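Given next are the chains, with one letter for each unit.
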Amino acid sequence: MQKEYINLNLKNPYSGGYLLTVFHLVPEKGIDILDAASEVAAESSTGSNVRVVDTKFAAGLNAQVYKIDKKRSLVWMAFPWRIFDRGGNVQNILTYIAGNIFGMAEIKALKLLDVWFPKEMLKNYDGPSTSLPEVRKYLKVYNRPILGTIIKPKIGLKPHEFAEKAYQFWAGGGDFVKHDEPQADQDFCPYFKTVDLIREAMDRAEDETGRTKIHSFNISSADFDTMKRRAEYIIKKMKPGSFCFLVDGITAGWTAVQTARRLWPNVFIHFHRAMHGAFTRAENPIGFTAGVLSKFARLAGASGIHTGTAGIGKMAGTKEEDIFAAYAAYQPKVKSEFFEQDWYGMKGCVSIASGGLNPLKLSAYIKTIGHTDFITTMGGGVHAHPMGTRGGATALVQACEAWQKGVSVEKYAKDHKELALAIEFYGKKKKK
Ligand code: CAP
Ligand code: MG
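Predicted model, so just to flag it, every value in this text is computed and none were measured.

A. Here's a closer look at empty space enclosed by the protein. A full pass over the atoms with the stated rule returns one cavity of 30 Å³ or more. Lining the largest cavity are 14 residues, with Ile-155, Phe-162, Gln-183, Gln-186 and Cys-189 positioned closest to its centre. Of the residues belonging to the lining of the largest cavity, the class tally is eight nonpolar, five polar and one charged.

This is the structure:
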């Protein structure tokens, strides 16, 4: 046991000098949980598996195990946030508290369940520059979710086909179209050509509908020069406010998210969380929760992040977990069983509800999440509609109208054929 990393009498962990964390920790057989926790605290702050700290100053930066609940295998650790890279670097924090420790041999389970940032620390991090309010203002959409889709198939469309799908969705009444997370620059769908055609499609749809539209372009790339080239081309070609930058926040990385936030502070940064399941799934003994991911995405300055569909769509993710992830990202204050986080005015990162939703599931999601301050992006739930993308978009709009009028989709479908067809198609039990 490395006793210098344990202080169960730590005076006021909420003093402002510590980032606080709570882990579910199960040590390998024969190892005491407090012993294992002290090793985790060492490895995630100043130490190693043997004593290496030999100055008083360094010792003052040790992470401290300050609370333990042996029955529930929970340990709380306080990290002096002076150890983190100055200048608001989020990847550096995760390298400490969600880094090597996941690979430690004496650990059987180690899940970062929640984190708490003191006000003094929050001041050093960017937070979002834009979020839902700016999207609402641009689209002139209030008191209902932002209705979106993802271009599907996931890959395989040529530029004109890609842009046509976007046009059909916007013309059908949809607000917001996004690139799918892997769509980038493929030989059969060159990036810049596709941007040009999306602009034309957007102009056409806006002229026809009289409504403004938004497209979220994936700018995730192999390197920052390419990311910048893509972003700058979009800025040149698209109207201000009509585009977001989508970054695959885990596979492209936190530095990509923060670079986009800092280089283009007026653009909505759309954090797609592909790969998160390897860390966040409830059955994964090692990793972090979706709520932790949301909190760090907000700290990093993402304007919106996917937060799951609370058990209503196709992805795993419990109702509690996904609702917490959505609230942690967006609300001014959020309470878990472990911490009460006040964001002290840091803008919210709006939740994006997606995976496996379709128009029939919209009202159930609104009821579950308890408000309409979110963006929904339905891929299969729109493009697979019997009348195609445009019909799917109109069915989604009609499903939202039904919710706004407080009537069931079945009732509203009586004189709304796109919705009626959606009920027929999506209402069928999926063949196993
Ligand atoms: C949804 C989606 C999103 C997932 C991501 C997909 O498509 O585009 O990437 O929603 O999951 O590729 O599966 P569908 P999450 O609407 O056709 O399901 O939002 O949970 O991060
Ligand atoms: Mg996708």
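B. Representation of helix 7 (residues 191-209) in the model. Here helix 7 contains 19 residues, and its C-alpha end-to-end distance of 27 Å stays within 8% of the 27 Å for a straight helix at 1.5 Å per residue. All of the buried residues in helix 7 are Tyr-191, Thr-194, Val-195, Leu-197, Ile-198, Ala-201, Met-202, Ala-205 and Glu-206. Lining the buried residues of helix 7 we find helix 5 (132-139), helix 6 (159-171), strand 7 (214-218) and helix 8 (224-237). A positive phi of about 70° marks Gly-210, the residue just after helix 7.

C. Examining the environment of Pro-386 more closely. By the secondary structure assignment, Pro-386 is in the loop between helix 14 (380-383) and helix 15 (388-405). Assessed through its relative accessible area of 46%, Pro-386 is described here as partly exposed. Taking the C-alpha atoms as reference, Pro-386 lies 23 Å from Pro-159; in sequence the two are 227 residues apart. The contacts of Pro-386, once residues within four sequence positions are left out, are Leu-421 and Phe-425.

D. Region of the structure containing the site of ligand 1. Not every one of the 17 residues close to ligand 1 is listed here, only the nearest: Lys-154, Lys-314, Gly-355, Gly-356 and Gly-379. Gly-379 is positioned such that a nitrogen or oxygen atom in its backbone is 2.7 Å from an oxygen atom of ligand 1. Relative to its unbound accessible area of 480 Å², ligand 1 is 94% covered by the protein chains. At a threshold of 2 Å from the grid points, most atoms of ligand 1 map onto the largest pocket. Across the shell around ligand 1, the residue classes break down as three nonpolar, eight polar and six charged.

E. Expanded view of the packing of helix 3 (residues 90-97) against helix 9 (residues 254-263). At a minimum axis separation of 8 Å, helix 3 and helix 9 run at an interaxial angle of 160°. Considering the angle they form, helix 3 stands roughly antiparallel to helix 9. Taken as a pair, helix 3 and helix 9 cross one another with a handedness that is right-handed. Counted together, Val-90, Gln-91 and Leu-94 of helix 3 and Trp-254, Thr-255 and Gln-258 of helix 9 form the full contact between these two elements. Across the contact of helix 3 with helix 9, the residue classes break down as three nonpolar, three polar and no charged.

F. The arrangement of the coordination of the magnesium ion (ligand 2) in detail. Around the magnesium ion (ligand 2), the donor atoms from the protein are Asp-180 (OD) and Glu-181 (OE), and they sit 1.9 Å away. Assessed through its relative accessible area of 16%, Glu-181 is described here as buried.

G. View of the sheet that holds strand 3 (residues 74-80). Strand order across the open sheet formed by five strands is 2-3-1-4-10, with mixed pairing between neighbours. Each edge of the sheet is formed by a strand with only one pairing partner; in this case those strands are strand 2 (64-69) and strand 10 (286-288). Each neighbouring strand pair of the sheet contributes to a mean axis angle of 20°, computed without reference to strand direction. Where strand 4 (residues 107-116) lies against strand 10, three bridges are found, and the strand directions are parallel. Counted as the bridge partner of Leu-112 is Phe-288 from strand 10.

H. Representation of the layout of surface pockets within the structure. Here the largest pocket is characterised by a volume of approximately 1,000 Å³. In this structure, the largest pocket is lined by 39 residues; those nearest its centre are Gly-313, Lys-314, Gly-355, Gly-356 and Leu-357. Mapped onto the lining of the largest pocket, the elements with two or more residues apiece are helix 14 and helix 17 (417-426). Its residues assigned to classes, the lining of the largest pocket shows ten nonpolar, 16 polar and 13 charged.

I. Structural context of the pattern of salt bridges. All chains considered together, the criterion is met by 18 salt bridges. A salt bridge links Asp-32 to Lys-70, with the nearest nitrogen and oxygen atoms 3.6 Å apart. Of the two residues, Asp-32 sits in the loop between strand 1 (18-27) and helix 1 (33-43) while Lys-70 sits in the loop between strand 2 and strand 3, which places them 38 residues apart along the sequence. One salt bridge connects Asp-203 with Arg-199, and the closest N-O pair in it is separated by 2.9 Å. Residue Asp-203 and its partner Arg-199 are both found in helix 7; the two are separated by four residues, about one turn of the helix.

J. Examining helix 9 more closely. In terms of burial, helix 9 is largely enclosed, as seven of its ten residues are buried. Trp-254, Ala-256, Val-257, Gln-258, Thr-259, Ala-260 and Arg-261 are the residues of helix 9 that are buried. In this structure, the buried side of helix 9 is in contact with helix 3, helix 8, strand 8 (243-248), strand 9 (268-272) and helix 11 (290-300).

K. Highlighting the domain arrangement of the protein chain. Taken domain by domain, the protein chain comprises domain 1 (3-122) and domain 2 (132-431). Overall, the association of domain 1 and domain 2 removes approximately 2,500 Å² of surface from exposure, summing both partners, and the carbon and sulfur fraction of that is 66%. For Glu-337, the salt bridge identified is with Arg-72, shortest N-O distance 2.7 Å. Inspection of the region where domain 1 meets domain 2 yields 18 residue pairs in polar contact (both at pLDDT 80 or more). Residue assignment for the side of domain 1 that touches domain 2 shows that the elements contributing at least two residues are strand 1, strand 3, helix 3, strand 4 and helix 4 (119-122). By residue number, the principal contributor to the side of domain 1 that touches domain 2 is strand 4, which donates nine residues.

Definitions and cut-offs
Residues numbered from 1 in each chain as written. Chains lettered and ligands numbered in written order. Predicted model: local features only at pLDDT ≥ 70, side-chain atom pairs only at ≥ 80, totals over all residues. Heavy atoms only, no water. 1 Å grid on protein atoms, 1.4 Å probe; cavity = no way out; pocket = protein on both sides within 12 Å on 5 of 7 lines; lining within 4 Å. Points joined across faces, edges and corners; volume = space filled by probe spheres on them. Nonpolar A, V, L, I, M, F, W, Y, C, P; charged D, E, K, R; others polar. Helix = DSSP H or I, 4+ residues; strand = E, 2+ residues; numbered from the N terminus. Expected span 1.5 Å × (residues − 1). Buried < 20%, exposed > 50% of the residue type's maximum accessible area, 1.4 Å probe, protein only. Contact = heavy atoms within 4.5 Å. Near = heavy atom within 4 Å. Polar contact = N/O pair within 3.5 Å; in protein donor to acceptor, adjacent residues only side chain to side chain. Areas by Shrake-Rupley, 256 points an atom, 1.4 Å probe, with all protein chains shown as cover. Sits in = over half its atoms within 2 Å of the grid points. Axes fitted to C-alpha atoms, helices over the stretch in contact; angles between N-to-C directions. Parallel < 35°, antiparallel > 145°, perpendicular 65-115°, else oblique. Left-handed = near helix turned anticlockwise from the far one by under 90°. Donors = N, O, S within 2.8 Å, 3.2 Å for Na, K, Ca; no water. Pairing = 2+ DSSP bridges. Salt bridge = Lys/Arg side-chain N within 4 Å of Asp/Glu carboxyl O. Domains from an automatic or database assignment. Buried area = accessible area lost by both parts, 1.4 Å probe.

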